[in-house]
Amino acid sequence: MRTQVAIIGSGPAGLLLGQLLTNAGIDNIILDRVSKDYILGRVRAGVLEEGMVDMLDRAGAGERMHREGLPHDGFSLAFDGRDHRIDLFGLTGRRVMVYGQTELTHDLMDKREASGDSSVYEATNVTPHDFDGAGPYVTYEKDGVTHRIDCDFIAGCDGYHGVSRKSVPESALKSYERIYPFGWLGILAEVPPVSHELIYANHPRGFALCSMRSHTRSRYYIQCALDEKIEDWSDDRFYDELRRRLPAEHAESMVTGPSFEKSIAPLRSFVAEPMRFGKLFLVGDAAHIVPPTGAKGLNLAASDVYYLFDGLLGYYADKSSAGIDAYSERALKRVWRAVRFSWSMTTMLHRFPDTGEFGQKIQEAELDYLVSSKAASTALAENYVGLPY
Ligand code: FAS
Ligand code: PHB
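Remember, predicted model here, so these are calculated numbers, not experimental data. (Residues numbered from 1 in each chain as written. Chains lettered and ligands numbered in written order. Predicted model: local features only at pLDDT ≥ 70, side-chain atom pairs only at ≥ 80, totals over all residues. Heavy atoms only, no water.)

Visitor: Explain the nonpolar core to me, please; I cannot follow it from the model alone.
Guide: It is characteristic of soluble globular proteins that their nonpolar side chains tend to be buried jointly. Judged by nonpolar contacts, the single largest core of 70 residues is most densely connected at Leu-17 and Leu-48. Per-element accounting of this core gives the leading share, 10 residues, to helix α9 (residues 297-318). Not counting residues within four places of it along the chain, the set of residues in contact with Leu-48 comprises Val-53, Leu-56, Met-65, Val-96, Met-97, Tyr-99, Leu-104, Leu-298 and Asn-299. Formed by 32 residues, the second largest nonpolar core is a distinct cluster that contains Ile-86, Phe-182, Tyr-221 and Leu-267. (Core = buried A, V, L, I, M, F, W, Y, C linked by side-chain atoms within 4.5 Å. Buried < 20%, exposed > 50% of the residue type's maximum accessible area, 1.4 Å probe, protein only. Helix = DSSP H or I, 4+ residues; strand = E, 2+ residues; numbered from the N terminus. Contact = heavy atoms within 4.5 Å.)

Next comes the structure, spelled out in structure tokens:
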């Protein structure tokens, strides 16, 4: 079999790239090692930058997001017992869209199915070959048969644990990493959100985040130790701890109810450079990971896809390699700005082992300055709504 672009990974990056390529008449195939249902069963991001919203519209998969998504003009920082609103729209003229990654992935899968383009799920042992030569190809196994797909390019959209980055010779790759000494314990529950906007809370007991998926479905997180076990966290214990980390008005008004999803996610910052090796491109989490504090992970996948699609379009439409040659440098410039922002939000809002009383006062002073300075709030807001592509 032959295609123009072989895409490894059917998460947001792979699906978005695949749809843009299909819409431009560029042949592509998507391979994933798990099933569609498994992918749709993962609960992840919840906040979309305008850039991601625009990319979904460009892919022709934005209709349900505009119908069911929640445009948000601001969010709150809670510390020292009080809420402080960051007026995103007032400060930047832009907003974010609250719409779950699960829904976005579902919409892209539905669009791909309607386009009739091929995806292979539960493809095992997917392996990129000869991507530093003239004839790249991908092999995979399905139902006991080994398949080969010859292609012009391979897009490694297979996430942090994928095969693409690991297929690059170590000598050709430089990676940067910071692992945080805590995780996020998150729940989903069919209860109305405690507030109409997100609340990021700094508290001596640890960070908390009140988010949502709709007006009836809440997504809550609390910072937890890395060795915590989900089975040790009943819903009651989770809500008690969450309420202790929020201002009294929210703790008292919170509607609680049974969680139907509960998970612990570790936090890390990670960047692999460069993001291109011959005919192989790393896209999204395959190339970088950010702590979810800045709501950037999913949104960086969108800007990577924007740059790569622009390059591939130039290659096929104008026989120009300028765009694909510039991909890594263009993508990394925005990646590092988002990595910095996510690191700074994480550092400002979480309790570290060495924070102590002095460190807590410093964090509160930083937050107090931030919410009382238009310049500082504007800087925060423009990073949160998303820096330009
Ligand atoms: P993905 O990881 O989504 O998709 C990669 C795909 O590649 C998967 O479907 C996988 O099955 C497939 N794959 C992997 N290895 C393969 C192989 N060898 N062969 C074939 N296929 C293979 N971001 C936020 O902005 N906010 C959040 O709150 C947030 N929470 C998160 C919680 C968790 C637990 C995780 C892991 C991530 C979270 N993220 C969050 C980040 C997340 O949303 C990612 O940024 C987003 O999924 C990136 O999309 P992709 O790059 O497509 O990678
Ligand atoms: C979420 O709703 O899952 C979410 C929202 C904002 C974040 C992280 C996660 O910064």
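The rest of the description comes next.
Visitor: Teacher, can you tell me more about the site of ligand 1 here?
Guide: In the vicinity of ligand 1 there are 29 residues, among which Asp-32, Arg-44, Gln-101, Asp-285 and Gly-297 approach most closely. In this structure, an oxygen atom belonging to ligand 1 sits 3.3 Å away from a main-chain N or O atom of Pro-12. Arg-44 places a side-chain nitrogen or oxygen 2.9 Å from an oxygen atom of ligand 1. For the shell around ligand 1, the elements supplying multiple residues, two or more each, are α1 (12-23) and α9. Among the residues forming the shell around ligand 1, the class breakdown is 15 nonpolar, 7 polar and 7 charged. (Near = heavy atom within 4 Å. Polar contact = N/O pair within 3.5 Å; in protein donor to acceptor, adjacent residues only side chain to side chain. Nonpolar A, V, L, I, M, F, W, Y, C, P; charged D, E, K, R; others polar.)

Visitor: When you look at empty space enclosed by the protein in this model, what are you seeing that I'm missing?
Guide: In this approach, a probe sized like a water molecule rolls over the atoms, and the result shows the empty space that is left. A complete count under the given rule lists 3 cavities of 30 Å³ or more for this structure. Estimates place the volume of the largest cavity at around 70 Å³. Around the largest cavity, the lining residues are Glu-49, Lys-296, Arg-334, Arg-337, Ala-338, Phe-341, Asn-383, Gly-386 and Leu-387. In terms of residue count, the dominant contributor to the lining of the largest cavity is helix α10 (residues 322-349) (4 residues). Roughly 40 Å³ of volume is contained in the second largest cavity. Taken together, Ile-39, Arg-42, Arg-44, Gln-101, Thr-102 and Thr-105 make up the full set of residues lining the second largest cavity. For the lining of the second largest cavity, the element with the most residues is helix α6 (residues 101-115), which contributes 3 residues. Residues of the lining of the second largest cavity, tallied by class, amount to 1 nonpolar, 3 polar and 2 charged. (1 Å grid on protein atoms, 1.4 Å probe; cavity = no way out; pocket = protein on both sides within 12 Å on 5 of 7 lines; lining within 4 Å. Points joined across faces, edges and corners; volume = space filled by probe spheres on them.)

Visitor: What should I look at first to understand the site of ligand 2 in this one?
Guide: The environment of ligand 2 is made up of 14 residues, and the closest members are Tyr-200, Ser-211, Arg-213, Tyr-221 and Pro-292. Ala-295 is positioned with one of its backbone polar atoms (N or O) 3.4 Å from an oxygen atom of ligand 2. Compared with its free state, where it exposes 280 Å², ligand 2 has 98% of that area covered by protein. When residues of the shell around ligand 2 are traced back to their parent elements, those giving at least two are β15 (208-212) and β16 (218-224). Looking at side-chain class alone, the shell around ligand 2 contains 8 nonpolar, 3 polar and 3 charged residues. Formed jointly, the shell around ligand 2 draws a minimum of three residues from each of two domains, domain 1 (5-70 + 99-176 + 268-346) and domain 2 (178-266 + 352-385). (Areas by Shrake-Rupley, 256 points an atom, 1.4 Å probe, with all protein chains shown as cover. Domains from an automatic or database assignment.)

Visitor: Hey, could you run me through the pattern of salt bridges in this one?
Guide: Oppositely charged side chains can form a pair if their charged atoms are brought close together. Summed over the entire model, instances satisfying the criterion amount to 23 salt bridges. Here Arg-64 and Asp-107 are joined by a salt bridge, their closest N and O atoms 2.7 Å apart. Placement of the pair is Arg-64 in helix α4 (residues 63-68) and Asp-107 in helix α6, with a sequence separation of 43 residues. Within the structure, one salt-bridge network assembled from shared partners comprises Glu-63, Arg-64, Arg-67, Glu-68, Glu-103 and Asp-107. (Salt bridge = Lys/Arg side-chain N within 4 Å of Asp/Glu carboxyl O.)

Visitor: Which parts of the structure should I look at to understand unusual backbone geometry?
Guide: Omega for the bond connecting Glu-273 with Pro-274 falls within 30 degrees of zero, at -10 degrees, which places this linkage in the cis form. The residue Lys-319 is not glycine, and still its phi comes out positive at about 50 degrees. Residue placement: Lys-319 occurs in the loop between α9 and α10.

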